[in-house]
Amino acid sequence: MSDFIFNKKLETMPRPELKSLQLENLRGVVKHAYDNVPFYRNGLDKVGVKPSDIKTLDDIQKIPFTVKNDLRDNYPFGLMATDLENTIELHASSGTTGNPITVCYTQHDLDVWSEVMARCLSMSGLTSKDVFQNPIPYGLFTGAFGFHYGGMKVGALVVPSGGGQTERQLQLMKDYGVTFVSGVASYAAYLGQKALSMGLEPDKDLKVRNGLFGAEMFSSGLKKKLCDTWNMDVHDIYGLTEMCGPGVSTDCDQHDGLHLWEDHFLLEIIDPKTGEPVGVEEEGEMVISTITKEGMPILRYRTRDLSFIYDGGCECGRTHVKHAPIKGRSDDMIIIRGTNIYPSQIEHVLMGNDAVGTNYKITLYTEGIMDQMKVDVETKKIISEAEKETLAKTLAIGIKAVITLGPTVNVLDPGSIEQTTIKAKRVEDNRKK
Ligand code: DLL
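Residues numbered from 1 in each chain as written. Predicted model: local features only at pLDDT ≥ 70, side-chain atom pairs only at ≥ 80, totals over all residues. Heavy atoms only, no water.

## So, the domain arrangement of the protein chain
Here is step 1: If you check the domain split of the protein chain, you get domain 1 (7–332) and domain 2 (334–429).
Here is step 2: The C-alpha centroid of domain 2 is placed 29 Å from the C-alpha centroid of domain 1.
Here is step 3: With 23 residues of domain 1 in contact, the opposing surface of domain 2 contributes 25 residues.
Here is step 4: The largest per-residue losses of area from domain 1 upon contact with domain 2 belong to Gln193, Met217 and Lys225, which jointly make up 30% of the total buried on that side.
Here is step 5: Counting every contact that joins domain 1 to domain 2 gives 10 residue pairs in polar contact (both at pLDDT 80 or more).
Here is step 6: Elements that contribute at least two residues to the side of domain 1 that touches domain 2 include exactly helix H8 (185–197) and helix H10 (220–230).
Here is step 7: Here the side of domain 1 that touches domain 2 gets five residues from one element, more than from any other, and that element is H8. (Domains from an automatic or database assignment. Contact = heavy atoms within 4.5 Å. Buried area = accessible area lost by both parts, 1.4 Å probe. Polar contact = N/O pair within 3.5 Å; in protein donor to acceptor, adjacent residues only side chain to side chain. Helix = DSSP H or I, 4+ residues; strand = E, 2+ residues; numbered from the N terminus.)

## Brief notes about the site of the ligand
Here is step 1: What surrounds the ligand is a group of 20 residues, the closest being Asp236, Ile237, Thr241, Asp305 and Lys423.
Here is step 2: One of the side-chain N or O atoms of Asp236 is found 2.7 Å from a nitrogen atom in the ligand.
Here is step 3: Interatomic distance of 3.2 Å between a side-chain N/O atom of Arg329 and an oxygen atom of the ligand.
Here is step 4: Within the complex, the protein chains bury 91% of what would otherwise be the 610 Å² of accessible surface of the ligand. (Near = heavy atom within 4 Å. Areas by Shrake-Rupley, 256 points an atom, 1.4 Å probe, with all protein chains shown as cover.)

## Here's the deal with empty space enclosed by the protein
Here is step 1: Overall, the coordinates contain two cavities of 30 Å³ or more when judged by the stated rule.
Here is step 2: When its volume is computed, the largest cavity comes out at roughly 80 Å³.
Here is step 3: Tyr105, Asp109, Val112, Trp113, Met243, Cys244, His264, Phe265, Thr290, Ile291, Thr292 and Lys293 together form the lining of the largest cavity.
Here is step 4: Looking at which element gives the most residues to the lining of the largest cavity, the answer is helix H5 (residues 107–123), with three residues.
Here is step 5: When the residues that make up the lining of the largest cavity are grouped by side-chain class, the tally is seven nonpolar, three polar and two charged.
Here is step 6: Quantified by volume, the second largest cavity comes out at close to 50 Å³. (1 Å grid on protein atoms, 1.4 Å probe; cavity = no way out; pocket = protein on both sides within 12 Å on 5 of 7 lines; lining within 4 Å. Points joined across faces, edges and corners; volume = space filled by probe spheres on them. Nonpolar A, V, L, I, M, F, W, Y, C, P; charged D, E, K, R; others polar.)

Now the structure itself:
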């Protein structure tokens, strides 16, 4: 397995040097935001903090948090720190409620994005020898462009196949001898399932041996299923529109935590209830600051994503901090009959079963006065009705053991649950409010 370090100097920089570079960048970005963005100037003035008060990395705690609504309230360009004239690309998240989160990049921002993506892709095995298919819709969503720029920087042959047309994607993969695939985790799973239904055996008929996926809940069970179906090494990439898009962190060949690029981002973990920092290895909400962004710097962004920071170094030689794979979003938590549940707990049970495919859906509904949960799940291969019944019982027991609540489980044939091309909608809440 290749684990080429794209930027050896910066990725393996001794920690004291890395921390001093991080502080220099933090001080620079706070001044840039204060001087150019009224939202940050007013926020800092309100708490009586001047950019010159940021003397240590811990001083970041003096800066107020930024939340999603701040971006929505300042839609579309109110948080820009440069003139639009200096920006050359715009991206936005889908924004199912309210204004879409919109970000603009200067040439410098695109250079940084390409650099961090090149690091993530190299860490996942991409080299200039690879044929790299990028099956993500090219558009406002950051996904496709981030991977594309990073792939070009590594020098791989990038196939910008875009979203959808799954059969064609597989045909191109075969024709071009594709060796590396990217994408949204659930779509990668769907590609594998579709290949099987077309009579293709991805592990034998295709040359894909490495994949880098993310953008949504990505449990270890789903990772394992992807590895097995494709006979490939699977890496996890994290990122969000507010920071740059994909490229904030990725796991190295140790597959034990994601390295976050500390020369460009600063990660804190807080207790989501109190806003206070939690200790190393303690789970909480990720708060991230961009520390080299020119166009739209974001300070202390409350991501709502739950994770924890690892203690200690990494065998791979990279010195940048590692965080655990995202457990879920604090706002993903379902409260049903007084029980708090994360969808990832259910995904974990489903993906741990060999007969189960990769697609599922959780529906919450009200029956009489009781809230209920239904889990629809596809099998990997077509099985008999009797086998489906047995599997449904096994899964219901497994789920109950984890969440203490027994859902109705419906086991369905492969391809029965609707597949979307960007992010999968895993939970539908139809409860009477
Ligand atoms: O999803 C950027 C991206 C594209 C990341 C492609 C990776 C690959 P947004 O649409 O703004 O940006 O959504 C960001 O998606 O706050 C997380 O809740 C979730 N997310 C992203 N990556 C992961 C991951 C892109 N690896 C939101 N594991 C984030 C779990 C993830 N959740």
